[in-house]
Each structure stands twice: as structure tokens, then as C-alpha cells.
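Residue-level listing of the chains:
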Amino acid sequence: MDLAIRALQPEDPPVIAAAFDEIGWNKPVTQYEKYLVQQSEGIRDVLVAWVDGEYAGYVTVRWESPYEPFGGIPEIQDFNVLPKLRRQGIGTALMDAAEARVATRSDTVGIGVGLYPDYGNAQRMYVRRGYIPDGRGLIYDGRQVPPMETVRNDDSLTLMFTKRLV
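Quick summary incoming for the structure in this document. As the structure is a computational prediction, the values presented were derived from the model and not from experiment.

How each quantity is defined
- Residues numbered from 1 in each chain as written.
- Predicted model: local features only at pLDDT ≥ 70, side-chain atom pairs only at ≥ 80, totals over all residues.
- Heavy atoms only, no water.
- Axes fitted to C-alpha atoms, helices over the stretch in contact; angles between N-to-C directions.
- Helix = DSSP H or I, 4+ residues; strand = E, 2+ residues; numbered from the N terminus.
- Left-handed = near helix turned anticlockwise from the far one by under 90°.
- Contact = heavy atoms within 4.5 Å.
- Nonpolar A, V, L, I, M, F, W, Y, C, P; charged D, E, K, R; others polar.
- Core = buried A, V, L, I, M, F, W, Y, C linked by side-chain atoms within 4.5 Å.
- Buried < 20%, exposed > 50% of the residue type's maximum accessible area, 1.4 Å probe, protein only.
- Pairing = 2+ DSSP bridges.

Describing the packing of helix 1 (residues 12-22) against helix 2 (residues 29-40)
Where helix 1 contacts helix 2, the two axes come as close as 8 Å, and the packing angle between them is 145°. Between helix 1 and helix 2 the crossing geometry is right-handed. For the pair helix 1 and helix 2, the contacting residues are Pro-13, Pro-14, Ile-16, Ala-17 and Phe-20 in the first and Val-29, Tyr-32, Glu-33 and Leu-36 in the second. Counted by class, the contact of helix 1 with helix 2 contains eight nonpolar, no polar and one charged residues.

Here is the structure:
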């Protein structure tokens, strides 16, 4: 397997969007075009993995996390590897590259993970990589969920983690 990880390029958005459309995930080309603009403005870095010349996955580093408690801690966001290519080290390589990038500017990195079963692999991966919960409990759309409040278990419901980088 020939794995290459590089920054998002202008020709990538339609390729990435088509790969996710093929598996029924709603990830429009406009999302990746927005990422290109944010990358050029220094807001976000986007690392894209290619295996044998074919798109495999990506991860982004948001340099200023919108999650207020992180206050200056960069956040890894929107981490995806195509399901057919998982458990082959691609996700690990993407996370290694993202953490190395963050380590050039910060000694700590943050990440959030969804709570329903589709996020199970990510939940386990983050714990194995040394991420620990930030202790604020459930977060919905960036806001801490107070005790006894009912929320929807969708992509906006997360548990936030941090990791010290060595």
C-alpha cells in the first residue's frame, strides 16, 4: 500500500465529495471548497490521505477552536477515512500528521467525538492515543448540556477530549 498524506488541493473537493456521495454520506463539494478558503487564510489545515493514488480520507486542524473552553488550544475536526479502507493504518497516519502539525504551535490538542455507535471506532482510537475527556460532560453544538436537559443524540452531541503533545 502506497500511502501519501498532503494538504488539500484545489482539484480535491469534487473527488472527496464524490467518494462520500458514493457511500451515501452528505458531504457536499462546497464543504471542501470552504476548507480550501480557510486553509489559504490560515484558519484550518486540511490533510488528505491517498492510497495507491486514490482518495482514502482526511482530517482537519482548526487553529482556533470554536469550543470556548479550549481557549487557544487547536482542535482536530472532521476526521474521516472511507469505511472500506479502515483498520489499515490510514487513520493513524492522518492523526499522527495532524498531531505533529499541532505540536509545532501548541503543547496540547483538542478533539470532540460523537456519542452514537457510528463513532465507536473513533472513541476507542482517541482513548488509545492518550486523549482524555475535558471533564465538562456532554456538549451539544458547542454548549455544555446541563443536568436533566434532554438533547438529541446526533452529530452535534459530543464529548470533548484533550491530549498533551510531547
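Re the nonpolar core
Residues Tyr-55, Tyr-58, Ile-76 and Tyr-126 are the most contacted members of the largest nonpolar core, which totals 39 residues. Elements that contribute at least two residues to this core include exactly helix 1, helix 2, strand 2 (44-51), strand 3 (54-62), strand 4 (75-81), helix 3 (90-103), strand 5 (108-114) and helix 4 (120-128). Ranked by the residues each element gives to this core, the list is headed by strand 2, at six residues. Of all hydrophobic cores here, the second largest spans five residues; its members include Phe-70, Ile-73, Ile-139 and Met-160.

Notes on the pairing of strand 2
Taken residue by residue, a regular strand's side chains alternate between the two faces of the sheet. The buried fraction of strand 2 is high, at eight of eight residues. Every second residue of strand 2 is oriented toward a common face, with Arg-44, Val-46, Val-48 and Trp-50 on one face and Asp-45, Leu-47, Ala-49 and Val-51 on the other, all of them buried. Here strand 1 (residues 3-7) runs beside strand 2; their pairing, made up of five bridges, is antiparallel. Bridge pairing in strand 2 places Ala-7 opposite Leu-47.

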